[in-house]
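Take a look at the letters that make up each chain.
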Amino acid sequence: MKKKSHPNKIEAEYLERIVTEYLIKFPDAPSQTIAKAIHKEHPLLGNGVVDNIRGAIRTRRGSHGPQSRISNPKYKKFPNPGGAYVPFPEESQEITLYKVPTGNTKLGYISDVHVPHQCNQTLDMAYNDWTKRGVDTIIINGDLLDNPTFGKHPFDPSWNSKTKEWMDRAEYFLENLRDNFPNALILFTEGNHDFWYKRHLWTQAKNLITDPYYSLEERLHLMDYKVKFIPQTELVHMADYFIFHGHMHIKGGQLDTAVKRLARLLNSNCMIGHIHYASSFTEYDILQRPAFTCHISGCASTVFPAYKPFGGKARKGYINSTVVDGKHQVENIWNDNGTRKIITI
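Our subject in this report is the structure included herewith.

Turning to the packing of aromatic side chains, a few remarks are in order. For the coordinates displayed, the defined rule picks out nine aromatic pairs. On the basis of an interplanar angle of 90° and a centroid distance of 5.7 Å, the ring pair of Tyr127 and Phe181 is categorised as edge-to-face. Linking Tyr127 in helix H4 (residues 120–133) with Phe181 in the loop between helix H5 (163–180) and strand E4 (185–189), this pair joins segments that are 54 residues apart in sequence. This pair shows no difference in class: Tyr127 is buried, exactly as Phe181 is. For Lys341, the ring lying beneath its charged end belongs to Trp334, and the centroid distance is 5.2 Å.

Turning to the environment of Ala126, a few remarks are in order. Structurally, Ala126 is set in helix H4. If we skip the residues at most four places from it in the chain, Ala126 touches Ile110 and Tyr318.

Taking strand neighbours across the sheet as the criterion, the seven strands line up as E5-E4-E3-E2-E11-E12-E13 in an open arrangement whose pairing is mixed. Two strands bound the open sheet, and with one partner strand each, they are strand E5 (227–230) and strand E13 (339–342). Recorded for the sheet is a direction-independent mean angle of 25° between the axes of neighbouring strands. As judged from the four bridges shared by strand E12 (residues 327–336) and E13, these two strands associate in the antiparallel manner. By the bridge assignment, Trp334 is partnered in E13 with Lys341. Against the sheet, H4 makes contact with strand E2 (106–110), strand E3 (137–141), strand E11 (316–324), E12 and E13, and its axis sits at roughly 15° relative to E11, the strand it touches most.

With that out of the way, let us pick up unusual backbone geometry. Note that the residue after Val115, namely Pro116, is joined by a cis bond; omega there is 20°. The topology assignment puts Pro116 in the loop between E2 and H4. We note that Asp143 has phi near 55°; this positive angle belongs to a residue other than glycine. Here Asp143 lies in the loop between E3 and H5. The phi angle at Asn337 is positive, at roughly 55°, despite the residue not being glycine. Residue placement: Asn337 occurs in the loop between E12 and E13. Given the relative accessible area of 73%, Asn337 is considered exposed.

What follows is about empty space enclosed by the protein. Following the criterion strictly, the structure yields one cavity of 30 Å³ or more and no others. Approximately 50 Å³ is the volume found for the largest cavity. Residue lining of the largest cavity: Val115, Pro116, Leu145, Asp146, Asn147, Pro148, Thr149, Phe150, Thr163, Trp166 and Met167, and that is the complete set. Split by residue class, the lining of the largest cavity holds seven nonpolar, three polar and one charged.

Attention shifts here to the nonpolar core. Trp130, Phe173 and Leu220 are the most contacted members of the largest nonpolar core, which has 36 residues in total. Listing elements by their share of this core, those giving two or more residues are H4, E3, H5, E4, helix H6 (192–204) and E5. Setting aside chain neighbours within four positions, we find Phe173 in contact with Ile110, Val113, Leu123, Tyr127, Ile140 and Leu144. Residues Phe244, Leu262, Ile275 and Phe292 belong to the second largest nonpolar core, which totals 15 residues.

Taken in spatial order, the six strands make up an open sheet running E1-E6-E7-E8-E10-E9, and their pairing is mixed. The open sheet is flanked by strand E1 (96–99) and strand E9 (279–284), the only strands paired with a single partner. Pairs of neighbouring strands in the sheet enclose a mean axial angle of 25°, with direction left out of account. Note: strand E8 (residues 270–272) against strand E10 (residues 290–296), three bridges, orientation parallel.

Moving on, we get to the state of the cysteines. Going through the model one piece at a time under the given rule, you end up with zero disulfides. Cysteine Cys294 shares no disulfide, and the gap to the nearest cysteine sulfur, in Cys270, comes to 5.4 Å. Cys299 carries a free sulfur, and the closest cysteine sulfur to it, the one in Cys119, is 7.7 Å from it. With a relative accessible area of 0%, Cys299 lands in the buried category.

So, about the side chain of Asn192. Here Asn192 shows up in helix H6. Side-chain polar atoms of Asn192 contact the side chain of His245, separated by 3.2 Å. Look past the residues within four positions of Asn192 in its chain and what remains in contact with it is Asp143, His245, His247 and His274.

About the cut-offs
Residues numbered from 1 in each chain as written. Predicted model: local features only at pLDDT ≥ 70, side-chain atom pairs only at ≥ 80, totals over all residues. Heavy atoms only, no water. Phe/Tyr/Trp six-rings, centres within 6.5 Å; stacked < 30°, edge-to-face > 60°. Helix = DSSP H or I, 4+ residues; strand = E, 2+ residues; numbered from the N terminus. Buried < 20%, exposed > 50% of the residue type's maximum accessible area, 1.4 Å probe, protein only. Lys NZ or Arg CZ within 6 Å of the ring centre and 35° of its normal. Contact = heavy atoms within 4.5 Å. Pairing = 2+ DSSP bridges. Axes fitted to C-alpha atoms, helices over the stretch in contact; angles between N-to-C directions. 1 Å grid on protein atoms, 1.4 Å probe; cavity = no way out; pocket = protein on both sides within 12 Å on 5 of 7 lines; lining within 4 Å. Points joined across faces, edges and corners; volume = space filled by probe spheres on them. Nonpolar A, V, L, I, M, F, W, Y, C, P; charged D, E, K, R; others polar. Core = buried A, V, L, I, M, F, W, Y, C linked by side-chain atoms within 4.5 Å. Disulfide = S-S within 2.5 Å. Polar contact = N/O pair within 3.5 Å; in protein donor to acceptor, adjacent residues only side chain to side chain.

This is the structure we're talking about:
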């Protein structure tokens, strides 16, 4: 009986074949550029990691591993097939925007709900404000889910049995939100905790990632509740502000200086979450005129995560904003133990 090849060996041989094909077609292209192109066409190769594909390319070229590109003819430069050399273009630098319709002027904003650890007091305060104001747009700005069983931090193994229940709670949250605001445009931007679900499929369930049925949008039945999903690679643009979760832009450092660092990094009017620390900062131009403002919203969840129960600093909150003459008038609300406070700039 013929011995079957191990699945990992089959995958490695397939990766080498694809790498060889690309190197023959584009012998002079940088390894990183080729790796990105292969990853785009074959997202599951190399465990879905660009650096793994790049390592295979460098090995095939002889610039990585025991072989030497110079001493071993097998790994010398691949021949140019002739004709005009057209390298792979770099990935597009254009930013994809979701533009909120110009007729929408009353925004209700929450971030970092982290179901099942949501703060109902904060949500009640926000809903009451939004009902009085008659909001026409609601943005859940990332981390609707806590997703500890899909994350990178150690967790209680018993939580695995609760994953379905927590997903169902998140869906109930969306259902309740739609019932309370039946006519509002509702957007759900992807945060890092929400992305963990997709990353888990990429690494642990590769055979399911290409089936839309297993996407987060389908699991939470977003279409049923008329909720628009905005992936982490897109920005929401409403009037003069950009709105996104912020986990790919601000990491580490003191929380009370994060908003200032972020404002100077982005040079734009922004509303973000992620930090769990309600704060606002305006940068001024050389004539001391307001140039741009950044608002970090408080979280709509319990203050401290399970992996950092002590010593953290956080504020609960949400944002109200009204667009007047194309410009936002923002109230960054801090829920200070049940007392509604507006963060001053």
